[in-house]
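# Remarks on the overall topology
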Amino acid sequence: MTQGSDRGGETVSSLGATVRRDRWGIAHIEAPTTAAAFAAQGWVAADDRIWQMEWDRRRALGRWAEVVGMAGAREDAFFRRLGVAAISRADYAALNGHTQAMCEAYTQGVNRWLADHGDGLPAEFEHHPAPPEPWEPWHCVAVYKLRHIFMGTLTRKLWRGRIMAQAGSEAVMATVGDIEADAAMVPGDGPRPDLLADAASVLDACAADMAALAAAMDSDGASNSWALSGDRTASGKPLLAGDPHRGIEFPNVYHQCHLRCDEFDAIGMGFPGVPGFPHFGHNAEVAWGITHGMCDDTDVFVERFDEDAGSWRLGEGMPVDWCTETLEIRGEGTVEVLCGATPRGPVVLGDPADGVALSMQWTGMYGADTTLDALWPMLVAGSTAELIEAVRPWVLPVNNLLGADRAGSIAFKIRGRVIERSAASRWTPVPGTDEFAWDGLEPVPFEDLPEWADPERGFLVTANNRTADGGPYISLDFAGPSRHDRICELVMPMTDAAVADMSAVHGDVTSLVAPKVLGLITEYAVECGHELSHGLLDMLAEWDQRMTADSAPATIYAVVKRRLVEAIVERLGIAGAELGAAGWPPAAEASRMAAAAATRMLCERNLDVVPGLDNPIGRRMAASACVDETAAELSQRLGDDPTKWTWGRVHRMASPHPLASALSAARDLHPPIDGCAGDGDTVRQGGTAPETGERAIHGSVARYAFDLGDWDSSGWVVPHGVSGVRGSGHDLDQRQAWLDCELVPMAYSSDAVAEVTAHEHEI
């Protein structure tokens, strides 16, 4: 399939818009009206990403198993029990008329594309039992909601619940660490929330419930953004830059596009299936970017059930209305899924027949989700003040929003629905009682959410770290301070910054975590016996703590650190922590959460709760063994010359295609694998999990730098390309720039677009 063409002479229904594809295949759309612009955006999204849209829609509706068989059944059951389809329909009905008109126009464009290209679908559909069904406006809500369900605290609370059952409350607290010691993004001017309030007592109170749930189950964000005021830039106007981090997959989660019509001229990255640019973009006056706010948005409840006449009611005798949903499992027939809800929320994990299961409540279904009502006001905002007011309807997810305008202002605002609950609810699943229900709780008022505009220091930085010294409770689950603190170090001396300097920040691979871990290794790894171990320790002592692809010490450090993490996790008995259903959280996610928690424990020397590491002798034995094991492992994997154990050889970016992962017949859809720099603690993200060794599974799914002095000097890049169509020519053409931490031009003005236009057509 040739991207951006007329598909071999097929007639393309007219939407009244002109599409200019630049040399990277990115669409610059010019339309006479807003309706035509959004219809054209839908057409272009389908042209580039129709299979990805179908994949997201099928998962949201609990119909992925119809394509991949039993590999999709567990996920389908979860989304059916959660009721994503019904919730999305209701949320769409609650949107204002302007937003619904956007979605309707977008849908028109998608369906025009489907009507004209039914015989020219991407290769993925060769493995589907049926072509995609027509798009419906409410599907825009469903696919957006799908992309954010697991960004909250569901998996973290399940995982900590397992730790509670296995190792007790002190271990749970140790995995969180001393959050309040971290620097906050925003200095406080009000009461400081006690993040660890009553931790020991509330955790101990939940211990019995966690143990019962664990027994029944015998049968789980990272991003950077920063803004510089004109006082620190060469142009005298702000710069706004950043990079969102997610699991790397193909097709990439974000879609680059440019929309120009009679009411706005905006360029940015959106979600295929959703109109506008929810997270990253700019119009003629204002730029915006976000990082995940890490908000505690989900509670999990341990519900106890008794059998009653062949059904199950709550332990307190309250009846539950149950119904069954039928999953169509390709090649296997059908499976019935029992669905029901308690006063706390829908039962999503576990089987009531076991006497205990889990229900959940989530800000994305507690009241109407009006997030999409913010999209139009953002597109037409004329200042950072108007941008902040535009996101008042925002619900999901809670974001750290940065904005900058051409008048010179830079601003930060938490946007989204924040619900403050009891301290007990912060940690693990809690008992399914009225005490923990959300009934009657009101969101924190928009005005009370943290914000900071035009700071005297001349820059703002967000990196998923602790939000503010004052204000409402947001979360226990902030990222550590290393990326935030490193970006502050990099931008602090800047006085005449330009886009190239923003790219240098994107590519920074100095680890602020490494010196802390190395200090522990140096102190305790004193009884090594492998013939290579002392040489490895010497290499670490001389290392500059930069995770470059050509660094051998970086590899040694990463593997020793991984083995230390594994030592902690194994001794706590949480190596395969799951809770709520077999294999949930998924092994790689549980492994990643365990690694983050254990790394924090290493950095804080908070090992007294770890059996076998609670004394100096145990630590010496463990640290020495980890170095010896690293020497043995790497010599076997990479040869006997440690100087050739370069990080890029083992730290390779895998971006699996989800259909290829589920169906062996589609294996050729996987993109290639390349070595890359960085790790999970560096600004250039390349997160790993012990479960998958040194493979990079988490990283920058986009990079951007907006120059408010000259929009045409801005740049962006995604890991693969704008197209999700394998072999289109624009599926991998940004890959090398991404690997090299370079940006491709973000043409905005008419002249700049004309200069980069490679193909033009009417739709």
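Residues numbered from 1 in each chain as written. Predicted model: local features only at pLDDT ≥ 70, side-chain atom pairs only at ≥ 80, totals over all residues. Heavy atoms only, no water.

## Describing the overall build of the protein chain
- Scanning the protein chain from terminus to terminus reveals 22 helices and 27 strands.
- Projected onto its principal axes, the C-alpha coordinates of the protein chain cover approximately 75 × 70 × 55 Å.
- Expressed as a percentage of its 763 residues, the buried residues of the protein chain come to 63%.
- When the accessible area of the protein chain is evaluated, it comes to approximately 25,500 Å², of which 48% is carbon and sulfur surface. (Helix = DSSP H or I, 4+ residues; strand = E, 2+ residues; numbered from the N terminus. Buried < 20%, exposed > 50% of the residue type's maximum accessible area, 1.4 Å probe, protein only. Areas by Shrake-Rupley, 256 points an atom, 1.4 Å probe, with all protein chains shown as cover.)

## A word on the packing of aromatic side chains
- Taken as a whole, this structure holds 17 aromatic pairs when the rule is applied.
- Taking 5.2 Å as the distance between ring centres and 85 degrees as the angle between the ring planes, the aromatic pair formed by Tyr254 and Phe280 counts as edge-to-face. With a gap of 26 residues between them, Tyr254 in the loop between strand 4 (239-247) and strand 5 (255-260) and Phe280 in strand 7 (residues 280-282) connect regions that are remote in the sequence.
- Of the residues examined, Tyr254 reaches a relative accessible area of 2% and is grouped as buried.
- Directly above the ring of Trp55 sits Arg59, whose terminal nitrogen or CZ lies 3.7 Å from the centroid. (Phe/Tyr/Trp six-rings, centres within 6.5 Å; stacked < 30°, edge-to-face > 60°. Lys NZ or Arg CZ within 6 Å of the ring centre and 35° of its normal.)

## Regarding the pairing of strand 4
- Within strand 4, eight of the nine residues are buried, which leaves it mostly tucked inside the rest of the structure.
- Of the pairings in the sheet, the one linking strand 4 to strand 24 (residues 703-707) comprises four bridges and is antiparallel in character. Considered in strand 24, the bridge of Leu240 is made with Phe706.
- Relative to strand 23 (residues 698-700), strand 4 runs antiparallel, the two being bridged by three bridges. Bridge pairing in strand 23 places Gly247 opposite His698. (Pairing = 2+ DSSP bridges.)

## A few points about helix 1 (residues 34-60)
- The terminal C-alpha atoms of helix 1 lie 28 Å apart, and with 27 residues this falls more than 12% below the ideal 39 Å at 1.5 Å per residue.
- At Arg49, helix 1 is deflected by roughly 95 degrees, the largest bend along its length.
- The buried fraction of helix 1 is high, at 26 of 27 residues.
- After helix 1 finishes, the residue Gly62 shows a positive phi value of roughly 70 degrees. (Expected span 1.5 Å × (residues − 1). Bend = angle between axes of the 7 residues up to and from the residue.)

## Some words on the confidence of the model for the protein chain
- Of all residues in the protein chain, 91% have pLDDT values of 70 or greater, and the mean over the chain is 89.
- In the predicted structure, residues 1-12 sits below a pLDDT of 50 and forms 32 contacts with residues beyond four places in sequence or in another chain.
- This stretch, residues 212-220, has a pLDDT under 50; its non-local contacts, to residues over four places away or in other chains, come to 23 contacts. (pLDDT = per-residue confidence, 0-100. Contact = heavy atoms within 4.5 Å.)

## A look at the sheet that holds strand 8 (residues 286-292)
- With mixed pairing, 10 strands are arranged side by side in an open sheet as 18-16-15-8-7-6-5-2-1-27. At either margin of the open sheet sits one strand with a lone partner, and together these are strand 18 (451-453) and strand 27 (757-762). Taken over all neighbouring pairs, the strand axes of this sheet differ in orientation by 15 degrees on average, direction set aside.
- Looking at chain direction, strand 5 and strand 6 (residues 265-270) are connected through six bridges and run antiparallel. Residue Leu259 lies in a different strand from strand 6, and its bridge partner there is Ala266.
- Here helix 1 sits on the sheet and contacts strand 1 (18-22), strand 2 (27-30), strand 5 and strand 27; the angle it forms with strand 5, its principal contact strand, is near 155 degrees. (Axes fitted to C-alpha atoms, helices over the stretch in contact; angles between N-to-C directions.)

## Overview of the side chain of Glu54
- Within the secondary structure, Glu54 sits in helix 1.
- In this view, Glu54 contacts Phe125, His128, Pro132 and Glu133; residues no more than four positions away in its chain are not counted.

## Description of the packing of helix 16 (residues 552-572) against helix 18 (residues 616-638)
- Two elements in contact, helix 16 and helix 18, have axes whose closest approach is 9 Å; the angle formed by their N-to-C orientations is 125 degrees. Taken as axis vectors, helix 16 and helix 18 run oblique relative to one another. Read as a crossing pair, helix 16 and helix 18 show a hand that is right-handed. Where helix 16 approaches helix 18, its residues Thr555, Ile556, Val559, Val560, Arg562, Arg563, Leu564 and Arg571 are matched on the opposing element by Ala622, Ala623, Cys626, Val627, Glu629, Thr630, Glu633, Leu634 and Arg637. (Parallel < 35°, antiparallel > 145°, perpendicular 65-115°, else oblique. Left-handed = near helix turned anticlockwise from the far one by under 90°.)

## What to know about the packing of helix 15 (residues 533-541) against helix 18
- Running from amino to carboxyl end, helix 15 crosses helix 18 at an angle of 100 degrees, the nearest separation of the two axes being 9 Å. Relative to helix 18, the element helix 15 is oriented roughly perpendicular. Contacts from Ser533, Leu536 and Leu537 in helix 15 reach Val627, Asp628 and Ala631 in helix 18.
- Broken down by class, the residue content of the contact of helix 15 with helix 18 amounts to four nonpolar, one polar and one charged. (Nonpolar A, V, L, I, M, F, W, Y, C, P; charged D, E, K, R; others polar.)

## Remarks on the environment of Lys644
- Inspection of the secondary structure assignment puts Lys644 in the loop between helix 18 and helix 19 (647-650).
- Since its relative accessible area comes to 52%, Lys644 is described here as exposed.
- Here the alpha-carbon distance between Lys644 and Ser551, two residues 93 residues apart in the chain, equals 8.6 Å.

## With respect to unusual backbone geometry
- The step from Phe250 to Pro251 runs through a cis peptide bond, and the omega angle for that step is -5 degrees.
- Turning to its location among the elements, Pro251 is positioned in the loop between strand 4 and strand 5.
- Note that the residue after Leu396, namely Pro397, is joined by a cis bond; omega there is -15 degrees.
- In this structure, Gln545 is a non-glycine residue whose phi angle is positive, near 60 degrees.

## Looking at the nonpolar core
- Ile29, Phe78, Trp226, Met502 and Leu659 are the most contacted members of the largest nonpolar core, which has 157 residues in total.
- Among the elements that make up this core, the one with the highest residue count is helix 1 (14 residues).
- Counting 62 residues, the second largest nonpolar core, distinct from the first, contains Val172, Val513, Ala598 and Leu602. (Core = buried A, V, L, I, M, F, W, Y, C linked by side-chain atoms within 4.5 Å.)

## Some words on the pattern of salt bridges
- Under the criterion given, the structure shown has 44 salt bridges.
- A salt bridge links Arg59 to Glu75; the shortest N-O distance between them is 3.7 Å. In this pair, Arg59 is assigned in helix 1 and Glu75 in helix 3 (residues 73-82), connecting sequence segments 16 residues apart.
- The class for Glu75 is partly exposed, based on a relative accessible area of 23%.
- When the shortest N-O distance is used, the salt bridge between Arg260 and Asp265 registers 3.0 Å. (Salt bridge = Lys/Arg side-chain N within 4 Å of Asp/Glu carboxyl O.)

## Let's talk about the environment of Val461
- The topology assignment puts Val461 in strand 19 (residues 459-462).
- Spatially, the C-alpha atom of Val461 lies 27 Å from that of Leu518, the residues being 57 residues apart in sequence.
- The contact partners of Val461, leaving out residues within four places of it in the chain, are Met185, Ser225, Trp226, His484, Ile487, Cys488 and Val491.

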